[in-house]
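Here is what each chain is made of, one letter per residue.
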Amino acid sequence: MKIVVTGGLGFIGSHTVVELQNENFEVIVIDNLSNSSIEVLDGIEKITGKKPLFEQIDLRDKTAVQDFFKKYADVSGVIHFAASKAVGESVQNPLLYYENNINSLVYILQELNNKPEANFIFSSSCTVYGQAEKMPIAESTSIQPAMSPYGNTKQIGEEIITDVTKVSNLNAILLRYFNPIGAHPSNEIGELPLGVPQNLVPFITQTGVGLRKELAVYGNDYTTSDGTCVRDYIHVVDLAKAHVIAMQRLVNKTNTEKLEIFNLGTGKGSSVLEVIKAFEKASGQKLPYKIVARREGDVTEAYANTDKANNVLGWKTQLGLDEAIASAWKWEQKIRKQ
Ligand code: WQD
């Protein structure tokens, strides 16, 4: 069974390609290499013994998207990761984000729309909940106005897919990720952030290897146990496995609705200081950090109610924060030596 993975050389995409191949799906990766490296294909091959088919396509090129689906007319499903994902950059350059994240989605859906049957998985984000009133956050929680163009592209993406499923053969699953971190246990693939990382864990590991002087902790005056923000950090391998289960659900037609939504998190919240402690434990070294002012747009806390994913998908995370941080650290040390 052929599955297309857009953004398949990116952080979550590459881990998902590995898990799909482990379950004997035939994978075709689409990536424009704008935020990924072609060597990731070798990492995937080292882990699974198989190199996925690869097409270097920019999904903003409508003709290229049309040609792709003509060439691979028999695909059973698409997992759509390809998108720009830097919150700050999206504020500076909103049109880039709307073009890249929305046009690409529309062009793919236009092709799937022509098919008698189409299965589609969309990378969404817990950012759609904003600051939820109640923790843990269930899927039924209302969506809040987006705090950035990036967040807005996720909300608009969800709406576009919802509208299309109502009038077409499209079956879709929206996966709302909490905070994905970590690397594959083989240490062959992991996160490769461009420039100065905006996300906590890559910044910590880069500080650990001496690439950054110190971590700035954005605020310790939040209403949490230690004053720092709380997030739900999920190991990328657990996250990747959920995509395989979701795709199996679609292709085996065990889905009960044409559109389903699942939170993907561990269900456990961890503060920034707890993440620092986990890093210090994994690395055996102190992390230099200082407390600075809050970062604009940060919510106080966000962690998932995972009941729906656990009960309906039959999926549960198997790895915890310590394992995720240890794998991220091992990966960081490897890539700095190269
Ligand atoms: C986590 C915590 C920061 C960096 C963002 C997007 C979201 C999603 C994932 C992606 C927060 C604190 C961070 C630093 C710090 N999308 N922090 N110092 O903000 O929960 O989510 O990334 O594709 O849509 O909004 O993740 O890793 O940036 O921050 O203190 O240098 O770490 O304040 O509490 P966030 P993050």
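As a reminder, the structure under discussion sits directly above these lines.
Residues numbered from 1 in each chain as written. Predicted model: local features only at pLDDT ≥ 70, side-chain atom pairs only at ≥ 80, totals over all residues. Heavy atoms only, no water.

Trainee: Looking at this structure, how should I read the environment of Glu323?
Mentor: As for its placement among the helices and strands, Glu323 is situated in helix α11 (residues 321-337). The exposure class assigned to Glu323 is partly exposed, which follows from its relative accessible area of 41%. A C-alpha to C-alpha distance of 37 Å links Glu323 and Arg60, two positions 263 residues apart in sequence. Leave out the neighbours within four places in its chain, and Glu323 touches His235 and Gln318. Of note is the side chain of Glu323, whose polar atom sits 2.6 Å from the backbone nitrogen of Gly320. (Helix = DSSP H or I, 4+ residues; strand = E, 2+ residues; numbered from the N terminus. Buried < 20%, exposed > 50% of the residue type's maximum accessible area, 1.4 Å probe, protein only. Contact = heavy atoms within 4.5 Å. Polar contact = N/O pair within 3.5 Å; in protein donor to acceptor, adjacent residues only side chain to side chain.)

Trainee: It is not clear to me how the packing of helix α7 (residues 200-208) against α11 should be interpreted in this structure. Could you clarify?
Mentor: The relative placement of two packed helices comes down to the angle between their axes together with the axis-to-axis distance. Interaxial distance between α7 and α11 falls to 9 Å at its minimum, and their mutual angle equals 50 degrees. Considered as vectors, α7 and α11 are oriented oblique to each other. Handedness of the crossing formed by α7 with α11: right-handed. Of the residues in α11, those touching α7 at Val201, Pro202, Thr205, Gln206 and Gly208 are Ile325, Ala328, Trp329, Glu332 and Arg336. Residue composition of the contact of α7 with α11, by class: five nonpolar, three polar and two charged. (Axes fitted to C-alpha atoms, helices over the stretch in contact; angles between N-to-C directions. Parallel < 35°, antiparallel > 145°, perpendicular 65-115°, else oblique. Left-handed = near helix turned anticlockwise from the far one by under 90°. Nonpolar A, V, L, I, M, F, W, Y, C, P; charged D, E, K, R; others polar.)

Trainee: Looking at this model, I keep getting lost on the nonpolar core. Mind explaining?
Mentor: In globular proteins that are soluble, nonpolar side chains generally tend to be buried together. With 36 residues, the main nonpolar core has Leu20, Ile121, Leu175 and Leu264 as its most contacted residues. For this core, the secondary-structure elements that each account for two or more residues are β1 (2-6), α1 (11-22), β2 (26-31), α2 (40-48), β6 (170-177), α8 (236-251), β11 (259-264) and α10 (307-313). For this core, the leading source of residues is α8, giving nine residues. Look past the residues within four positions of Leu20 in its chain and what remains in contact with it is Ile3, Val5, Phe25, Val27, Ile79 and Val244. If you look at the next biggest cluster of nonpolar residues, it comprises 28 residues, including Tyr72, Ile108, Ile160 and Leu174. (Core = buried A, V, L, I, M, F, W, Y, C linked by side-chain atoms within 4.5 Å.)

Trainee: I would appreciate a short explanation of the pairing of strand β5 (residues 118-125) in the present structure.
Mentor: Looking along a regular strand, one sees side chains alternate from face to face of the sheet. Burial runs high along β5: eight of the eight residues are buried. Here β5 shows two buried faces, one formed by Ala118, Phe120, Phe122 and Ser124 and the other by Asn119, Ile121, Ser123 and Ser125. Note that strand β4 (residues 77-80) and β5 share three bridges and pair parallel. Bridging from a neighbouring strand, Val78 pairs with Phe120 of β5. Of the strand pairs in this sheet, β5 and β6 are connected by eight bridges, and their pairing is parallel. Looking at β6, one finds that Phe122 is bridged to Leu174. Once you follow β5 into helix α6 (residues 149-167) and on to β6, the crossover reads as right-handed. (Pairing = 2+ DSSP bridges. Right-handed = clockwise from strand over helix to strand, strands pointing away.)

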